[in-house]
Structure formats: C-alpha cells, structure tokens
Amino acid sequence: MAPGPNNLLSINNATRYGFWASCCAGLGRLLAFTIMIAISATGLAAIFETSELIFHATKILGAGYLIFIAFKLWRADSIESEVAKTPRKNLIELTKQEFFVAIGNPKAILIFTAFLPQFINPAQNIAPQFMTLGALFLFLELTALAGYAMIGLHLRRWSNQPSSKRLFNRTCAVLLSGAATLLLITQRS
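Remember, it's a predicted structure, so these values are computed and weren't measured experimentally.

S.K.: Help me understand helix α2 (residues 19-41) in this model?
M.R.: A turn of α-helix holds 3.6 residues, and therefore any two residues three or four places apart point the same way. Between the first and last C-alpha of α2 there are 32 Å, a value that for 23 residues agrees with the 33 Å anticipated at 1.5 Å per step. Trailing α2 by a residue or two, G43 shows a phi angle of about 90°, which is positive.

Spelled out as structure tokens, the structure:
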C-alpha cells in the first residue's frame, strides 16, 4: 500500500487519462505480480537469490526502465489542456508500462523472494498456501491501485495548470529516479 513506482504511475495515468484507464492499465501490474508469485511458488526465487548474474541483470533492467519513465515524465509537455482534449493513450501501451514497472519494482522483488516465502509452512502442501497469500496480495494491490487512481483523479484539475503539471511530472520523475537508485544499490541477502 506504500507509495512506489507503480502507485505513482497509477496517479499519473489517472491524472492524464482518467480513473478507469488507470485501473485497466493496472492489470499489467497484477499480471506481473501474478508471474512473480508463480515464480516464487515454484522455487525459482531460490535461483534468483543464489544467482548473482540474474539478480544484477534484473536490477539493472528494472532501474533502467524506471529511469526511462522518469526521463519521459521530466520532459513531458506541460501546456494547459482541457481534460476532454487529453489525447487517449492506447490502453495496451499503458498496461505494458504498468507491467514493466512492476516486474522491475524492487519492493515487489523483495516481497516475493524474501518476505512471502517466510509465511509458507514447508511441512504442508505449498501450493494452496501460495495461492492464498498470492490472492490476498493481489486483492490488496487492486485496492491500492484503485486508491491511488482516485488520488490522481482528484489531482486532475490541479495538474491541468502548466506550472502544476510540470511540478507534478517532475516530482514523479524524481521519485521514480529515487526508486531506480534504491534498486541499483540493493544488495542480495
């Protein structure tokens, strides 16, 4: 529920394209997290934890993508526009953006490789435990997605002013760059 790269993206998408577009795009995030849960459930998280090459490659790719998004936000057009005149962005493109931000999200990687497995009892059947924990996580993520999209919707009028829009875009860019930096300095346990 804490603000992170995907939640900032939800706010930004809701501000620019509306609540429903932001929520639909969030399906990319949910897909990425579902894949991460499945990887963790199959034990591949252990490979991720033991392979320095895979760890660093994921870290660099995720950070690079966050920096790319931050750069685009920093340079985004901040001219005044009417909400109705905001060009619609392809929902598939927004969904892909959510997916790639989620798949490289340092918080999510940490949750699925180090935190979630701690709640699994290896003496019992692992599959239902991962399914239950995964479903709960996805429900909470869906709640966060809708909540942050609502915040973005309420910021829409404020961010329609050129100076406010520029400040909002640049604040999000700095926060995403900070998340990329945290990802780059993350060490394996």
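S.K.: Mind showing me how you'd approach the state of the cysteines here?
M.R.: By definition, a disulfide links the sulfur atoms of two cysteines through a covalent bond. Taken as a whole, this structure holds zero disulfides when the rule is applied. Left without a disulfide partner, C23 is nearest to the cysteine sulfur of C24, which lies 7.1 Å away. Judged by its relative accessible area of 34%, C24 is partly exposed.

S.K.: Would you take a moment to explain the nonpolar core for this structure?
M.R.: Proteins that are soluble and globular tend to have nonpolar side chains buried together. By size, the foremost hydrophobic cluster in this structure holds 18 residues, and its most contacted members are L66, I69, L73, V101, C172 and L176. Among the elements of the structure, α1 (5-17), α4 (52-74), α7 (126-155) and α8 (162-185) are those that each provide at least two residues to this core. Here this core gets seven residues from one element, more than from any other, and that element is α8. Residues in contact with L66, not counting those within four places in the same chain, are P5, V101, L176, A179 and A180. With twelve residues, the next largest nonpolar core counts A108, L116, I120 and F130 among its residues.

S.K.: Hey, could you run me through α8 in this one?
M.R.: Here α8 spans 34 Å end to end across 24 residues, near enough to the 34 Å set by a 1.5 Å rise per residue. Among the residues making up α8, those that are buried are S164, K165, F168, N169, C172, A173, L176, A179, A180 and L183.

S.K.: Would you mind going over the packing of aromatic side chains with me for this structure?
M.R.: On inspection of all chains with the given rule, the structure shows three aromatic pairs. On the basis of an interplanar angle of 75° and a centroid distance of 5.5 Å, the ring pair of F33 and F137 is categorised as edge-to-face. Placement of the pair is F33 in helix α2 and F137 in helix α7, with a sequence separation of 104 residues. Taken individually, F33 and F137 each receive the classification buried, so the pair is uniform in this respect. A centroid spacing of 5.4 Å and a plane angle of 80° characterise the contact between F99 and F100, whose relative ring orientation is edge-to-face. Judged by its relative accessible area of 40%, F100 falls in the partly exposed class.

The rules behind each value
- Residues numbered from 1 in each chain as written.
- Predicted model: local features only at pLDDT ≥ 70, side-chain atom pairs only at ≥ 80, totals over all residues.
- Heavy atoms only, no water.
- Helix = DSSP H or I, 4+ residues; strand = E, 2+ residues; numbered from the N terminus.
- Expected span 1.5 Å × (residues − 1).
- Disulfide = S-S within 2.5 Å.
- Buried < 20%, exposed > 50% of the residue type's maximum accessible area, 1.4 Å probe, protein only.
- Core = buried A, V, L, I, M, F, W, Y, C linked by side-chain atoms within 4.5 Å.
- Contact = heavy atoms within 4.5 Å.
- Phe/Tyr/Trp six-rings, centres within 6.5 Å; stacked < 30°, edge-to-face > 60°.

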